[in-house]
Each structure stands twice: as C-alpha cells, then as structure tokens.
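Report on the structure
Residue strings, one per chain:
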Amino acid sequence: MSTSPLVNTLIQELSAGDDLEAASPDAPGTGQEDDPEQVLSSVMERLAVEESFEFDDEIVKQNLDEILIALIALRDGTHGKALIDDLSRLFDAQLSPGTVYPRLHDIEGDDVLSMHELVRTKEYSVADEDAARSQIEQAMYHHLALGLFLHDSLDEL
C-alpha cells in the first residue's frame with residue numbers, strides 16, 4: 001500500500017520535523033532504538049495531549065493485536081508478562097492474561113510473530129516484518145481517517 005501525499009504530509013507534521021523517509025511505511029526498518037515509553041511520550045508531547053488524558057481499556061482491546069506487535073517490535077522480542085506490564089504502565093489498561101495470551105497465540109498462528117520457549121516463559125518476536133508493518137499500517141490509516149473525520153465534525157458543533 002502506498003501512501004498519499006496528504007498522508008505523508010500529515011505524518012511529517014506529526015513527526016515534528018523527523019525525516020519523512022524514516023517515518024514512511026515504505027522505508028525498510030525504522031532503526032529506532034526507542035523503548036515504548038519514549039515512543040508514547042514523544043507522541044503525546046507532539047500532539048500536545050493534556051496530562052489528564054487517559055486511554056480507554058476498550059480502545060486498547062480493540063487495537064490489541066497492533067499494540068502487541070508494536071510493543072514486541074520496539075522491545076525486539078519480549079514475553080507475555082512484560083507485555084501485560086507494558087499495557088498497564090503505558091495505557092493504564094488492566095487486561096488479564098486471558099485477554100492478552102490468546103491474542104498473542106492468534107498473531108503467532110498468523111505467522112506474524114514467532115514464539116521461542118525458554119525455561120520458564122515464552123518469548124515473542126516479530127517473524128514477518130512485512131505482515132507486521134502492513135497490519136499496523138492498516139490500523140494507523142483507519143484511526144487517522146476516523147480522527148480526521150471527528151476533528152472536522154467539531155466545526156459543526
């Protein structure tokens with residue numbers, strides 16, 4: 001999927017001067033060494049989100065697959081308990097293992113993630129970078145379009 005000039009411009013503006021090519025979904029790998037906390041903090045700062053802003057658990061659940069893939073990619077592999085901790089810390093989402101682990105298994109079943117059994121845990125990593133990028137990109141476009149629709153509807157209120 002190629003991005004339109006409008007989307008590229010918006011991504012560039014939201015990236016606050018970051019190199020567009022690095023932010024482009026077509027660029028090979030991000031090369032970012034950022035951890036999830038840095039990435040989320042940077043996004044919230046660029047969008048000038050109020051400190052009182054809170055994510056809703058339902059929004060996190062609806063986007064859980066893409067969030068999990070992104071967290072695993074940012075961590076360059078991790079285990080389920082750490083992901084649940086990340087969801088709680090980053091998004092204040094109190095999701096049970098019964099919600100998170102089945103999603104991890106389904107994403108693994110789709111060959112987007114790979115699972116490596118360790119002594120006491122299972123570590124997940126991105127197995128198919130193209131599929132992971134495509135899935136996250138699709139979610140991003142859906143949210144971007146919905147966000148722009150909601151933003152433009154504010155003019156009518």
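Take the overall build of the chain next. A tally of helices and strands in the chain yields eight helices and three strands. When burial is assessed residue by residue, the chain has 30% of its 157 residues classed as buried. In the chain, of all internal contacts separated by at least 6 residues, the share reaching a separation of at least 24 is 58%. Accessible surface for the chain amounts to roughly 10,200 Å². Of this, 52% is attributable to carbon and sulfur atoms.

One finds V60, L68, L87, F91, L95, V100 and L104 to be the most contacted residues of the largest nonpolar core, which totals 23 residues. Sorting the residues of this core by element identifies α3 (36-46), α5 (64-75), α6 (80-91) and α7 (97-109) as the ones contributing at least two each. Per-element accounting of this core gives the leading share, six residues, to α5. Those residues in contact with V100 that lie beyond four places of it in its chain are L64, L68, I84, L87 and L95.

It is worth spelling out a negative patch on the surface at this point. A cluster of acidic side chains, namely D110, D111, D128, E129 and D130, defines a negative patch on the protein surface. Here D111 shows up in the loop between α7 and β2 (113-117). Classification of D111 as exposed rests on a relative accessible area of 55%.

With that settled, the discussion passes to the sheet that holds strand β1 (residues 78-79). Sheet strands pair via backbone hydrogen bonds, and the direction of the pair is either parallel or antiparallel. Strand order in the open sheet made by the three strands is β1-β3-β2, with antiparallel pairing throughout. Each end of this open sheet is capped by a strand with a single partner; those strands are β1 and β2. Sheet analysis places β1 next to strand β3 (residues 122-126), joined by two bridges and oriented antiparallel. What sits directly across from T78, in β3, is Y124.

So, on to the side chain of T78. The topology assignment puts T78 in strand β1. Non-local contacts of T78, meaning those with residues more than four positions away in its chain, are made with I72, L83, K122, E123 and Y124.

Before going further, it helps to spend a moment on the packing of aromatic side chains. What the rule picks out here adds up to two aromatic pairs. On the numbers, 5.1 Å between centres and 85° between planes, the contact of F53 with F55 is edge-to-face. One aromatic cluster in this structure is built from F53, F55 and F91.

The next subject is the confidence of the model for the chain. Scored by pLDDT, the chain has a mean of 82; 78% of the residues are at 70 or more. Looking across the chain, the model is least confident in helix α2 (residues 20-23), with a mean pLDDT of 40, and most confident in α7, with 96. The low-confidence segment residues 17-33, where pLDDT is below 50, has 23 contacts with residues more than four positions distant or belonging to other chains.

Before going further, it helps to spend a moment on the environment of N63. Relative to the helices and strands, N63 resides in the loop between α4 (57-62) and α5. On the basis of relative accessibility, which here comes to 13%, the residue N63 falls in the buried class. Through-space distance from the C-alpha of N63 to that of I136 is 9.4 Å; in sequence the pair is 73 residues apart.

For the rest of this paragraph, the subject is the packing of α5 against α6. Interaxial distance between α5 and α6 falls to 11 Å at its minimum, and their mutual angle equals 105°. Our classification of the angle between α5 and α6 gives roughly perpendicular. In this structure, α5 uses L64, I67, L68, L71, I72 and R75 to contact α6, whose residues at the interface are L83, D86, L87, R89, L90 and F91. Across the contact of α5 with α6, the residue classes tally to nine nonpolar, no polar and three charged.

What counts, and at which threshold
Each residue is numbered by its place in its chain's sequence as written, counting from 1. In keeping with the model being predicted, local features are shown solely for residues with a pLDDT of at least 70 and side-chain atom pairs are shown and tallied solely at 80 or more, while totals for entire chains, interfaces and linings include all residues. Side-chain descriptors were evaluated using all non-hydrogen atoms of the structure, hydrogens and water having been removed beforehand. Secondary structure elements follow DSSP: runs of H or I of four or more residues count as helices, runs of E of two or more count as strands, with numbering from the N terminus. Per-residue accessibility, obtained with a 1.4 Å probe over protein chains only, is compared with the maximum for each type, and a residue is labelled buried under 20%, exposed over 50%, and partly exposed between these values. Here a residue-residue contact requires only that any non-hydrogen atoms of the pair lie within 4.5 Å. Note on areas: Shrake-Rupley with a 1.4 Å probe; residue coverage comes only from the protein chains shown. In this text, buried Ala, Val, Leu, Ile, Met, Phe, Trp, Tyr and Cys residues form a nonpolar core when linked through side-chain atoms within 4.5 Å. The residues that make up patches have over 30% relative accessible area and no salt bridge, and they are joined within 9 Å when like-charged or within 5 Å when they are Val, Leu, Ile, Met, Phe, Trp or Tyr. Any carboxyl oxygen of Asp or Glu within 4 Å of a side-chain nitrogen of Lys or Arg constitutes a salt bridge here. Here the positive residues are Lys and Arg and the negative ones are Asp and Glu; neither His nor the chain ends is included. Each charge is placed at NZ for Lys, CZ for Arg, CG for Asp and CD for Glu. Only strands joined by at least two bridges in the DSSP assignment are considered to pair. Think of it this way: a Phe, Tyr or Trp ring, Trp meaning its six-membered ring, pairs with another when their centres are within 6.5 Å, and the plane angle makes it stacked under 30 degrees, edge-to-face over 60, tilted otherwise. Values of pLDDT, which run from 0 to 100, indicate the predictor's confidence residue by residue. Under this scheme, a helix contributes an axis fitted over its contacting stretch, all axes are lines through C-alpha atoms, and angles between N-to-C directions fall in the 0 to 180 degree range. Should an angle fall under 35 degrees it is taken as roughly parallel, and over 145 as roughly antiparallel, whereas 65 to 115 is taken as roughly perpendicular and any remaining angle as oblique. In this classification, the charged set is Asp, Glu, Lys and Arg, the nonpolar set is Ala, Val, Leu, Ile, Met, Phe, Trp, Tyr, Cys and Pro, and all remaining amino acids, among them Gly, are polar.

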